[in-house]
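So you can see what is in the structure, the chains are spelled out below.
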Amino acid sequence: MKQFFIVLSLFSFSILQVTAQTKSLKNSPPLSEAAPETVGMSSERLSRLDGVLQNGVTQHSVPGVAAIVVRNGKIVYHKAFGMADNGANRALKRDDIFRIASMSKAITSTAVMMLWEEGKFQLDDPISKYIPEFKNQTVLKNFKFQDSTYTTEPVKSEITIRHLLTHTSGLGYGVIDGDEKFKALYYKAGIVDLFTTEPVKIGDNIKKLAKLPLHHHPGEKYVYSEGLDVLGYFIEIMSGMPFDEFLRKRLFEPLSMNDTYFYLPDSKASRLVAIQKPQNGQWVRYPNTFYDTDYPIKGAKAFFSGGAGLSSTAKDYATFLLMYLNGGELGGKRFLSRTTIETIMSNQVGELLGGDKANSSYGLAFGLLNKAGEEKGAKGSARTFEWGGYFNTNYFADPKEKIIGVIMKQTQSSGDNLNNLFRQLIYQSIDD
C-alpha cells in the first residue's frame, strides 16, 4: 500500500510538472532583461560587441547604432552608440525610433496569415478575386525608352496571394527596381513605391499598379517587389479596417509594441533618428529625393505602405520576432498557430533562389538560412529567419539557439560591415 501511494505521488508530481511546463509554453512572458550567464551566454564575450559597435562610430562607418540581443526570451544586450543626429548634436539612445522600411514586410505578412487562419481566403486564390483591377494582367515584352511605349503578352496564370507574399508575382519596385524599364513605367504611371508625405491612399495606388505589365509570368521568377503593398490594401478589404488600425489592434497593442507606427505621434517625434550620409568627413542629413525624409512625422500621414512604411525600435522588433520563436504566442496571447508558423518558415520559392547551391531560401514572411548558409559560419542555424531595411536596419532570429539580434542604423550612401560583425560576435558569445 505504501508503495502504491509513493507511485501515485510520483505520478501526480509528474503530471503537475508537465502541466506547469505546458502552461509556461503557452504563456511566455514579455521581453525582460537578464544576466547573459542565466541563458547560456558569456558577459565577457558579449562585451566585445561594445568595441565593434563603438569602432563603427569612431571610424565613421556609421553615425550611430543601436543593438539588442535576446536569448531564451531574455534581453542580454541592449545598447546604443554614437549620434541620432550629428547636426543637432543629439546622442543616440537605445529606445530611439528608426524607419525600418522593408522590415515592415514581415509584419504585413503576419497580418495576412492571421486573416488566413480565420478562413477568409486561400493562399492560392487569385488576388483579382478581391481586387478586380488585377484581372487580365500582362507581361512586358518590349519597351521603348524614347516614348515609354511598350508591348505585352497575356499572363499564363493569375497572381495569387502566395505569389505576393513570396516576391514571385512579377510586380516590380519602381524607383528601386533593378530594371530601368520598370523604373520608367512606374514613374510615368505615378506609382508611390515606398514613402510619401502626399495625401495618397494605398487603394488608389494599388489600383494604378494593377494596370501595369509584369516583369515575368507569376510564379516563374523571384523578383523583389511591391507585393506586400498590395497585401496591405488586401488586409483593408478583408478586415474592413484601415491597415494601420488593423496592425495597431491585432498586433502592436497586444504585443506591447508601443513604439511602432506608420506615422509617429507628436509626443514621440523627437525620438526619430535622422537619416544621414557622409560628406567631407562629416555626417549630414540626407536630402529629400524621391521622398521626404521626414515622412513619418509630417505631411498627410495617409499612405500605409505594407512593404516599407513602418518605424520602430530595436526592442519592439525583437518582441515581434520573439512571438515567432515562441511558436506564435507571447504574453499569453496567441497570434498564429504553431502549424502556421511552420508553413511560414518553409521554402515557398523552390529552386528560384538557387536551391541547394544558395545560402538561403524564402518563406511566406522572411528570408530563410539553409544548411549551406549555416555551414559557412557566424550566420546562425539552418532555418534562421532574417531580413533588413532600406535605411540600414537588420535582424535575424535563430529558432534552434533561441537567439534574436536586431541592429538599427539610419544611413544612405554609405557602407559598413556591422551587420555581419554583429552576428559573428553574438554566436561566439554562446557559453552553454
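What counts, and at which threshold
Residues numbered from 1 in each chain as written. Predicted model: local features only at pLDDT ≥ 70, side-chain atom pairs only at ≥ 80, totals over all residues. Heavy atoms only, no water. Helix = DSSP H or I, 4+ residues; strand = E, 2+ residues; numbered from the N terminus. Buried < 20%, exposed > 50% of the residue type's maximum accessible area, 1.4 Å probe, protein only. Salt bridge = Lys/Arg side-chain N within 4 Å of Asp/Glu carboxyl O. Core = buried A, V, L, I, M, F, W, Y, C linked by side-chain atoms within 4.5 Å. Contact = heavy atoms within 4.5 Å. Patch = residues over 30% accessible without salt bridge, like charges linked within 9 Å, V, L, I, M, F, W, Y side chains within 5 Å. Areas by Shrake-Rupley, 256 points an atom, 1.4 Å probe, with all protein chains shown as cover. pLDDT = per-residue confidence, 0-100. Arc of directions from axis to C-beta. Polar contact = N/O pair within 3.5 Å; in protein donor to acceptor, adjacent residues only side chain to side chain. Axes fitted to C-alpha atoms, helices over the stretch in contact; angles between N-to-C directions. Parallel < 35°, antiparallel > 145°, perpendicular 65-115°, else oblique. Left-handed = near helix turned anticlockwise from the far one by under 90°. Nonpolar A, V, L, I, M, F, W, Y, C, P; charged D, E, K, R; others polar. Phe/Tyr/Trp six-rings, centres within 6.5 Å; stacked < 30°, edge-to-face > 60°.

S.K.: Can you help me understand unusual backbone geometry in this one?
M.R.: Across the chain, the bulk of peptide bonds are trans and the bulk of non-glycine residues have phi less than zero. Positive phi, close to 45°, is recorded for Ala 101, a residue that is not glycine. Along the polypeptide, Ala 101 turns up in the loop between β5 (98–99) and α4 (104–117). Taking the relative accessible area as the measure of exposure, Ala 101 reaches 1% and is therefore buried. Even without a glycine there, the phi angle at Lys 301 is positive, about 55°. Topologically, Lys 301 is positioned in the loop between β9 (282–285) and β10 (311–312).

S.K.: Please explain the pattern of salt bridges as it appears in this structure.
M.R.: Counted by the stated rule, this structure contains 23 salt bridges. Here Asp 294 makes a salt bridge to Arg 285, at a shortest N to O gap of 3.9 Å. Residue class for Arg 285 comes out partly exposed when judged on its relative accessible area of 47%.

S.K.: Even after reading the chapter, I still don't get the nonpolar core, so can you show me in this structure?
M.R.: Inside soluble globular proteins, nonpolar side chains tend to come together where they are buried. By size, the foremost hydrophobic cluster in this structure holds 89 residues, and its most contacted members are Tyr 324, Phe 366 and Val 406. In this structure, Val 406 is in contact with Ala 66, Ala 67, Ile 68, Met 103, Ala 314, Tyr 317, Ala 318, Leu 321, Asn 394, Tyr 395 and Phe 422, ignoring residues within four places of it in sequence. Judged by nonpolar contacts, the second largest core, of 22 residues, contains Met 41, Phe 396, Ile 407 and Leu 418.

S.K.: I'm lost on a nonpolar patch on the surface in this one. Help?
M.R.: On the surface, Val 175, Ile 176, Phe 290 and Tyr 390 cluster together to form a nonpolar patch covering roughly 290 Å² of accessible area. Among the structural elements, Val 175 can be located in the loop between α5 (161–166) and α6 (180–189). When its relative accessible area of 30% is taken as the criterion, Val 175 is described as partly exposed.

S.K.: Would you mind showing me how to read the confidence of the model for the chain here?
M.R.: When pLDDT drops low, the exact placement of atoms in the prediction is not to be read closely. Residues of the chain with pLDDT of at least 70 account for 94%, and the chain-wide mean is 94. Below pLDDT 50 for its whole length, residues 1–25 participates in one contact with residues either more than four positions away or in separate chains.

S.K.: What am I meant to see in α6 here?
M.R.: Structural remark: α-helix, 3.6 residues per turn; residues separated by three or four positions point the same way. When α6 is considered as a whole, its buried residues turn out to be Phe 182, Leu 185 and Tyr 186. Buried positions in α6, seen along its axis, are confined to an arc of 90° and lie on one side of it. Every exposed residue of α6 that faces more than 90 degrees away from the buried side is listed here: Tyr 187 and Lys 188. Where α6 is buried, its residues touch β6 (138–143), β7 (150–154) and α7 (202–209). The N-cap residue of α6 is Asp 179: its side-chain oxygen and the backbone nitrogen of Lys 181 are 2.8 Å apart. Phi turns positive, to about 75°, at Gly 190, one or two residues after α6.

S.K.: Hey, could you run me through the packing of α4 against helix α10 (residues 314–325) in this one?
M.R.: A pair of packed helices is characterised by two quantities: the angle between their axes and the separation of those axes. Following both chains from N to C, one finds α4 and α10 inclined at 45°, their axes separated by 11 Å at the closest point. With respect to each other, α4 and α10 are oriented oblique. Crossing of α4 over α10 shows left-handed handedness. Residues Ala 106, Ile 107 and Thr 110 of α4 lie in contact with α10, whose contacting residues are Tyr 317, Phe 320, Met 323 and Tyr 324. Split by residue class, the contact of α4 with α10 holds six nonpolar, one polar and no charged.

S.K.: What exactly am I supposed to notice about the packing of aromatic side chains here?
M.R.: The description of an aromatic ring pair rests on the distance of the ring centres and on the angle between the ring planes. Counting across every chain of the model gives 27 aromatic pairs. The interplanar angle of 90° and the centroid separation of 5.0 Å between the aromatic rings of Tyr 324 and Phe 366 together place this pair among those described as edge-to-face. Linking Tyr 324 in helix α10 with Phe 366 in the loop between β13 (360–362) and β14 (367–369), this pair joins segments that are 42 residues apart in sequence. The exposure classification of Tyr 324 matches that of Phe 366, with both residues buried. When the centroid spacing of 6.0 Å and the interplanar angle of 55° are considered together, the rings of Tyr 324 and Phe 385 count as tilted. One end of the pair, Tyr 324, is in helix α10; the other, Phe 385, is in strand β15 (residues 385–389), and 61 residues separate them in sequence. Judged by relative accessible area, which is 3%, Tyr 324 ranks as buried. By the ring-pair criterion, three or more aromatic residues cluster together here, those being Phe 195, Phe 290, Tyr 291, Tyr 295, Tyr 390 and Phe 391.

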